[in-house]
Amino acid sequence: MYKPEIGKEEEEEILKVVRSGWISSASPVVREFEEKFSNYIGRRYGVATSNGTTALHLAVTALGIKEGDEVIVPDLTFVSPVNVVLYNKAKPVLVDIEEENWGLDPEKVRKVITDKTKAIIVVHLYGNPAKITELKEIAEEKGLYLIEDCAEAHGAEYEGKKVGSFGDISCFSFYANKIITTGEGGMCITDSEELYEKMQILRDHGMTKEKRYWHEVIGYNYRMTGLQAALGLAQLRKIDNFIRRKREIAKLYQDLLGDVVIVQRDPPKGKSIFWLFSVFTEKRDRLVEYLGLNGIETRKFFYPVHVMSPYTIFAYEKRFDISTKLSSLGLNLPSYPSLTIEEINYISTKIKEIIRN
Ligand SMILES: *Cc1c(COP(=O)(O)O)cnc(C)c1O
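All values reported here derive from a predicted model rather than from experimental measurement.

Colleague: Where do I start with a negative patch on the surface in this structure?
Modeller: A grouping of Glu193, Glu197, Glu210 and Glu216 is seen on the molecular surface, where their side chains present a negatively charged patch. Secondary-structure assignment places Glu193 in helix α7 (residues 193-203).

Colleague: Help me understand the sheet that holds strand β13 (residues 299-300) in this model?
Modeller: Note: strands within a sheet are paired through backbone hydrogen bonds, in either parallel or antiparallel orientation. One open sheet holds the four strands; their spatial order is β10-β12-β14-β13, and the pairing between them is antiparallel. The open sheet has two free edges, formed respectively by β10 (262-263) and β13, since each of these has just one partner strand. When β10 meets strand β12 (residues 278-280), the two strands line up antiparallel, connected through two bridges. Within the sheet, the bridge partner assigned to Ile262 lies in β12 and is Phe280. Helix α11 (residues 321-329) contacts β12 and β14 (330-332) of the sheet and is inclined by roughly 50 degrees relative to β14.

Colleague: Before we go on, may I ask you to explain the sheet that holds strand β6 (residues 157-158) in this structure?
Modeller: Reading across the sheet, the three strands line up as β7-β6-β11 and stay open at both edges, with antiparallel pairing between neighbours. Every other strand in the sheet has two partners, leaving β7 (161-162) and β11 (270-271) as the edge strands with one partner each. Across two bridges, β6 lies against β11 in antiparallel orientation. Note that in β11 the partner of Glu157 across the bridge is Lys271.

Colleague: In this structure, what is going on with the domain arrangement of the chain? I would like to understand it.
Modeller: How big an interface is tends to be stated in terms of accessible area lost as the parts join. Each domain of the chain was delimited in the assignment, giving domain 1 (8-236) and domain 2 (239-356). For domain 1 and domain 2, the distance between their C-alpha centres works out to 25 Å. In this complex, domain 1 contributes 44 residues to the contact, which on the side of domain 2 involves 41 residues. Summed over both sides, the interface of domain 1 with domain 2 buries roughly 3600 Å², with 64% coming from carbon and sulfur. At the surface where domain 1 touches domain 2, the tally comes to three salt bridges.

Colleague: What should I look at first to understand the pattern of salt bridges in this one?
Modeller: When the charged atoms of two side chains lie near each other, side chains of opposite charge can form a pair. Scanning the entire structure with this criterion turns up 30 salt bridges. A salt bridge links Arg223 to Asp204, with the nearest nitrogen and oxygen atoms 2.6 Å apart. Here Arg223 is found in the loop between α7 and α8 (226-236), whereas its partner Asp204 is found in the loop between α7 and α8, with 19 residues between them in sequence. Take Asp204: its relative accessible area is 24%, and that puts it in the partly exposed class. One salt bridge connects Asp285 with Arg284, and the closest N-O pair in it is separated by 2.7 Å. Note on Asp285: relative accessible area 43%, which makes it partly exposed. Using a relative accessible area of 7% as the deciding quantity, one classes Arg284 as buried. Each of Glu9, Glu10 and Lys238 takes part in salt bridges that share partners, so that together they form one network.

Colleague: How should I be thinking about the site of the ligand in this particular structure?
Modeller: Contacts to the ligand come from 13 residues, most closely from Thr53, Asp149, Glu152, Ser173 and Lys178. Here an oxygen atom of the ligand and a side-chain polar atom of Thr53 are 2.5 Å apart. One of the side-chain nitrogen or oxygen atoms of Lys178 is found 3.0 Å away from an oxygen atom of the ligand. At three residues, the largest contribution of residues to the shell around the ligand is made by helix α3 (residues 52-62). Taken together, the residues of the shell around the ligand sort by class into four nonpolar, six polar and three charged.

The rules behind each value
Residues numbered from 1 in each chain as written. Predicted model: local features only at pLDDT ≥ 70, side-chain atom pairs only at ≥ 80, totals over all residues. Heavy atoms only, no water. Patch = residues over 30% accessible without salt bridge, like charges linked within 9 Å, V, L, I, M, F, W, Y side chains within 5 Å. Areas by Shrake-Rupley, 256 points an atom, 1.4 Å probe, with all protein chains shown as cover. Salt bridge = Lys/Arg side-chain N within 4 Å of Asp/Glu carboxyl O. Lys, Arg positive; Asp, Glu negative; His and termini not counted. Charge placed at Lys NZ, Arg CZ, Asp CG, Glu CD. Helix = DSSP H or I, 4+ residues; strand = E, 2+ residues; numbered from the N terminus. Pairing = 2+ DSSP bridges. Contact = heavy atoms within 4.5 Å. Axes fitted to C-alpha atoms, helices over the stretch in contact; angles between N-to-C directions. Domains from an automatic or database assignment. Buried area = accessible area lost by both parts, 1.4 Å probe. Buried < 20%, exposed > 50% of the residue type's maximum accessible area, 1.4 Å probe, protein only. Near = heavy atom within 4 Å. Polar contact = N/O pair within 3.5 Å; in protein donor to acceptor, adjacent residues only side chain to side chain. Nonpolar A, V, L, I, M, F, W, Y, C, P; charged D, E, K, R; others polar.

Written out as structure tokens, the structure is:
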């Protein structure tokens with residue numbers, strides 16, 4: 001389904017770190033990766049973490065999200081942003097998405113805000129930017145924190161600005177199937193020096209910077225290793241090529257399949273990076289089976305969060321029309337950067353065979 005692009009450059013960066021002996025999180029390479037990645041998105045500070053979920057947990061913890069607080073999260077997402085709210089005993093308030101950008105629906109968000117609401121976690125789903133300007137306006141108007149989950153959208157843009165440049169804190173994942181990878185890994189980026197320092201302390205067991213082994217808060221070990229950061233540095237040099245290739249693949253699929261199924265396109269005001277190129281059809285389940293028989297691995301869209309047993313009690317809204325619909329019709333096609341034109345043609349031909357019969 002996904003193949004990371006790991007080459008000579010990655011081998012060399014990792015070898016350098018291995019030979020230097022700086023393999024832990026104390027490696028200067030971690031600092032370098034934090035600086036270069038946060039600059040790439042356009043933020044001042046980066047805090048690298050062990051994975052994307054620990055990045056999100058670090059963000060909600062640094063913002064003081066705790067028991068009694070409510071945090072607005074989308075109903076259609078990978079589950080991490082919902083779980084990190086629960087780790088802190090706060091309440092995730094699941095809200096439906098909208099159909100154009102696949103992100104939180106600003107109008108529906110407005111309706112669920114209460115005195116207890118502290119933050120909104122916006123997810124940019126499958127590479128599409130959510131309506132982040134509109135959501136940021138709501139957050140500012142209501143005095144809420146805004147967290148962006150950009151784990152699926154490194155380099156995507158809304159109104160010409162990269163996603164990750166809007167949130168009080170924005171979180172990324174560098175898991176092996178994300179746009180760039182460190183194997184496992186993540187990062188929080190922010191412009192706030194205060195949040196930057198808080199996150200650094202929480203990431204490192206809550207240890208004060210002034211006095212070793214002196215802990216004033218309960219922290220975690222969410223650190224990234226030098227080995228991971230070395231991989232990240234090599235990947236970061238190629239990120240624009242990966243994005244260009246992802247968009248080329250999307251264009252090929254759009255041209256081949258645009259009148260056969262509903263295909264993922266750039267949403268209004270947005271530039272998608274088409275993380276896992278997606279199509280929608282009533283015949284989705286048959287298509288999955290048929291493509292599987294032809295050696296093509298695909299993936300169905302995420303399930304709506306509110307239907308799964310740990311989360312049903314957080315479905316305050318009774319209607320999740322769009323997340324339910326997209327979840328039942330959506331399918332991710334192979335779209336990793338090294339996918340060839342021949343393979344895209346073959347996959348498209350097989351899709352046409354089923355849809356037209
Ligand atoms: C991948 C992903 C995460 C979590 O990242 P990990 O590195 O696997 O912990 C969080 N949110 C979204 C939307 C993701 O796709």
